[in-house]
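Close look at the chain arrangement
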Amino acid sequence: MNGVAIEARGLARTYGRGGGGHRALHDCSFRLPAGRVCALVGPNGAGKSTLLNLAAGLDRPGAGTLSVLGSRDPAAVRGRIAHVAQDKPLYPQLTVADTLWAGAELNPGRWDRATADRVAGTLPGTARVRALSGGQRTRLALALALGKRPELMLLDEPMADLDPLARHELMGVLMAEAAEHGTSIVMSSHILTELEGACDYLLFVDGGRVRLGGEAEDIVSAHALLTGRDGDLAPHTVVESRTTGRQLTALVRKEGPVDTTAWSVSEPSLEELLLAHLRAPDAPPLLTPSAVPGAVREAVASA
């Protein structure tokens, strides 16, 4: 699918007033092509939930611009977006059946009952939401989101309270949805191994900015894990290095061929890469060409 799902330029959001305000996002710029399954990762307080709320049209930036599905006003395209927040807000007094009925009534012409029923699975229709377990509420929230047949899904830690089997099952449903309908999915999670097999795009947010952005495969392949006793790390950019005994291990961003006579070279896993960048907040950012906002890309090309 062609087009852009989300594009941010100089995005900023601060909560609170005066010098004591919390700066959740600062000069955050990136581009997410449509049809991607994107992992949104970063430490607690990095700005992930703020970014999802802004994209869902639930909040407004303090500075910069944010375009969602081609609109500079995300709230105007809210009908084409499904957002599942961390706390899975549902009406506690409604039953499961009532909740799904409301989803159909609120999304006329878009509601996919078969998908909603499949995701809801064996949830008892007469059970009230307040009586459901955390995992059951997650399943119901995802049933509402997928039943809406959105063009963009924004999921904030959606699988955190699911058991491994349910997590695997619902992740498969999400991947099938993306493949069949070209749905753009942005999913934040702390379960890095889960994201590695499911997501083809990466946004790593730290300090209110995107430090890594683009195709996950390209970002991983741009790095190398070097192990050796003695060797020059130049001209590569060192993200992290450590010495154990007489052996040095370094995660580097490759800036040319690696000297394989001095180093044992391997490709890091996505988890190893992200953990290294978490431990190295001063490492320079890396955005692949598809993740660079259009105006920024044009300015660089004309310079």
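Before reading further, recall that the structure is shown in the block above.
Residues numbered from 1 in each chain as written. Predicted model: local features only at pLDDT ≥ 70, side-chain atom pairs only at ≥ 80, totals over all residues. Heavy atoms only, no water.

A few words on the sheet that holds strand 11 (residues 237–244). Across the sheet, four strands lie side by side as 11-12-10-13; this open sheet has antiparallel pairing. The open sheet has two free edges, formed respectively by strand 11 and strand 13 (264–266), since each of these has just one partner strand. Sheet twist, expressed as the mean angle between neighbouring strand axes with direction ignored, is 20 degrees. In this sheet, strand 13 lies alongside strand 10 (residues 223–228) in antiparallel orientation, the contact comprising three bridges. Residue pairing in the sheet places L226 in a bridge with V265 of strand 13. Running at roughly 95 degrees to strand 11, helix 8 (residues 270–279) makes contact with strand 10, strand 11 and strand 12 (247–253) of the sheet. (Pairing = 2+ DSSP bridges. Helix = DSSP H or I, 4+ residues; strand = E, 2+ residues; numbered from the N terminus. Axes fitted to C-alpha atoms, helices over the stretch in contact; angles between N-to-C directions. Contact = heavy atoms within 4.5 Å.)

Axis separation between helix 3 (residues 113–120) and helix 4 (residues 134–147) bottoms out at 8 Å; the angle between their running directions is 165 degrees. As judged from the angle between their axes, helix 3 and helix 4 are roughly antiparallel. As helix 3 packs across helix 4, the resulting crossing turns out to be right-handed. Taken together, the residues of helix 4 that come into contact with helix 3 (itself represented by T115, A116, V119 and A120) are R139, L142, A143, L146 and G147. Looking at side-chain class alone, the contact of helix 3 with helix 4 contains six nonpolar, two polar and one charged residues. (Parallel < 35°, antiparallel > 145°, perpendicular 65-115°, else oblique. Left-handed = near helix turned anticlockwise from the far one by under 90°. Nonpolar A, V, L, I, M, F, W, Y, C, P; charged D, E, K, R; others polar.)

This part takes up the environment of G103. Tracing the backbone shows G103 in helix 2 (residues 96–106). Taking the C-alpha atoms as reference points, G103 and A116, separated by 13 residues in sequence, lie 9.2 Å from one another. The residues touching G103, leaving out its near neighbours within four places in the chain, are W111 and L144.

Moving on to the pattern of salt bridges. Scanning the entire structure with this criterion turns up ten salt bridges. Between E7 and R9 there is a salt bridge, and its shortest N-O distance comes to 2.9 Å. Within the structure, one salt-bridge network assembled from shared partners comprises E7, R9 and R31. (Salt bridge = Lys/Arg side-chain N within 4 Å of Asp/Glu carboxyl O.)

Between its first and last C-alpha atoms helix 5 (residues 164–181) spans 26 Å; for 18 residues at 1.5 Å apiece the expected length is 26 Å, and the two agree. Sitting at the amino-terminal end of helix 5 is D163, which places a side-chain oxygen 3.0 Å from the backbone nitrogen of L165. Among the residues trailing helix 5, G182 stands out with phi positive, at a value near 70 degrees. (Expected span 1.5 Å × (residues − 1). Polar contact = N/O pair within 3.5 Å; in protein donor to acceptor, adjacent residues only side chain to side chain.)

What follows is about the pairing of strand 1 (residues 4–15). The pairing of strand 1 with strand 2 (residues 22–33) spans eight bridges and is classified as antiparallel. Directly across from R13, in strand 2, lies its bridge partner L25. Bridge count for strand 1 against strand 4 (residues 63–68) is five bridges, and the pairing is antiparallel. Within strand 4, the residue paired with A8 across the bridge is L66.

The next thing to look at is the environment of R72. Along the chain, R72 turns up in the loop between strand 4 and strand 5 (81–84). You can call R72 exposed: its relative accessible area is 62%. In this structure, the C-alpha to C-alpha distance between R72 and E169, residues 97 residues apart in sequence, is 35 Å. Dropping the residues within four chain positions of it, R72 is found in contact with T65, L66 and S67. (Buried < 20%, exposed > 50% of the residue type's maximum accessible area, 1.4 Å probe, protein only.)

Function-wise, these values are silent; they only describe arrangement.
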